[in-house]
Amino acid sequence: EELYLGSTEFEILRKLNLPNLTKLEIPNGKIRDLEENFFAHLPKLIYLNLYRNQLGQIPQQICALDNLTVLEIGRNDIREWPKQIEGLKRLKVLSLTQNSFTRIPTAGLMALPSLCRADLTDNHIRSISTEDAPLLDVRFTLRLLGNPISFIDPVIKDQPFRWLTVNAMEAFEQNKRNPGGPYYW
């Protein structure tokens, strides 16, 4: 079963009792929070889309969705990585585009064993530091397009970024105009 509730006016989502629901999409709304135990009766949920709402953080209850494989939570105002999300052992696709991250949540991404793609496009990430070095040997693709990266630690600057998706033409043009940075990836 699938449920699409696009462009809702709800600020707080109330519980749903749909035990066979596998896909829930609630994009383009005004959701700020979820009612306590919102996901309690959605045990088969594998796909969750909360794109373009007004969430200030990733709701902790999402972290208890054992079967979740896709989480689309872009275009909110999320700034922090909740440690509990690392319990999503089956998560394959994580989209955090157009949020307010200022650094790559490296440790959190590395703790997701099934992750294939993480998208942090159009956040506010300004640097790639030695703390991000474990990402050099990862098994997933990390997208950082549209971030104003102005510093790459010299220790990792010359390493091959196999994991990084670059819009080559856009990045090349931006970096050519600003040889001292910020660099766009």
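The paragraphs below set out a description of the structure included in this document. (Residues numbered from 1 in each chain as written. Predicted model: local features only at pLDDT ≥ 70, side-chain atom pairs only at ≥ 80, totals over all residues. Heavy atoms only, no water.)

1. Overview of the overall build of the chain
- Scanning the chain for helices and strands turns up 3 helices and 14 strands.
- A burial count over the chain gives 44% of its 185 residues as buried.
- Within the chain, residue pairs in contact and separated by at least 24 positions form 41% of the contacts whose partners lie at least 6 positions apart.
- Total accessible area on the chain stands at roughly 9,600 Å², and carbon and sulfur atoms take up 49% of it. (Helix = DSSP H or I, 4+ residues; strand = E, 2+ residues; numbered from the N terminus. Buried < 20%, exposed > 50% of the residue type's maximum accessible area, 1.4 Å probe, protein only. Contact = heavy atoms within 4.5 Å. Areas by Shrake-Rupley, 256 points an atom, 1.4 Å probe, with all protein chains shown as cover.)

2. So, the environment of Trp81
- Along the chain, Trp81 falls in the loop between β6 (70–72) and β7 (93–95).
- Taking the C-alpha atoms as reference points, Trp81 and Ile104, separated by 23 residues in sequence, lie 9.4 Å from one another.
- For Trp81, the side chain forms a polar contact with the side chain of Glu86, separated by 3.5 Å. (Polar contact = N/O pair within 3.5 Å; in protein donor to acceptor, adjacent residues only side chain to side chain.)

3. Quick word on the nonpolar core
- Formed by 45 residues in total, the largest nonpolar core has its most connected members in Leu48, Ile62 and Leu109.
- Contact partners of Leu109, with chain neighbours within four places excluded, come to Trp81, Leu94, Ile104, Leu115, Ala118, Leu120, Arg139, Phe140 and Leu142. (Core = buried A, V, L, I, M, F, W, Y, C linked by side-chain atoms within 4.5 Å.)

4. Topic: unusual backbone geometry
- The backbone of Asn28 sits at a positive phi, close to 55°, despite the residue not being glycine.
- Structurally, Asn28 is set in the loop between β3 (23–25) and β4 (33–34).
- For Asn28, a relative accessible area of 31% translates into the label partly exposed.
- Phi angles above zero are rare outside glycine, and Arg52 is one such case at about 55°.
- On the basis of relative accessible area, Arg52 is assigned to the partly exposed category, the value being 39%.

5. With respect to the environment of Leu16
- Examined against the element boundaries, Leu16 turns out to sit in the loop between β2 (12–13) and β3.
- Between the C-alpha atoms of Leu16 and Phe39, which are 23 residues apart in sequence, the distance is 7.3 Å.
- Apart from residues lying up to four places away in sequence, Leu16 is in contact with Leu3, Leu24, Phe38, His41 and Leu42.

6. So, the pattern of salt bridges
- Applying the stated criterion across every chain, the model contains 7 salt bridges.
- Between Arg32 and Glu11 there is a salt bridge, with its nearest N and O atoms 3.7 Å apart. One end of the pair, Arg32, is in the loop between β3 and β4; the other, Glu11, is in the loop between β1 (2–4) and β2, with 21 residues separating them in the sequence.
- Two residues, Lys23 and Glu25, come together in a salt bridge whose shortest N-O distance is 3.7 Å.
- Here Glu25 falls in the buried class, since its relative accessible area comes to 17%. (Salt bridge = Lys/Arg side-chain N within 4 Å of Asp/Glu carboxyl O.)

7. Some words on the side chain of Asp132
- Looking at the element boundaries, Asp132 is found in the loop between β9 (127–128) and β10 (141–143).
- For Asp132, which is buried and forms no salt bridge, the nearest opposite charge comes from Arg103, at a distance of 5.9 Å.
- Look past the residues within four positions of Asp132 in its chain and what remains in contact with it is Ile104, Thr106 and Ser127. (Lys, Arg positive; Asp, Glu negative; His and termini not counted.)

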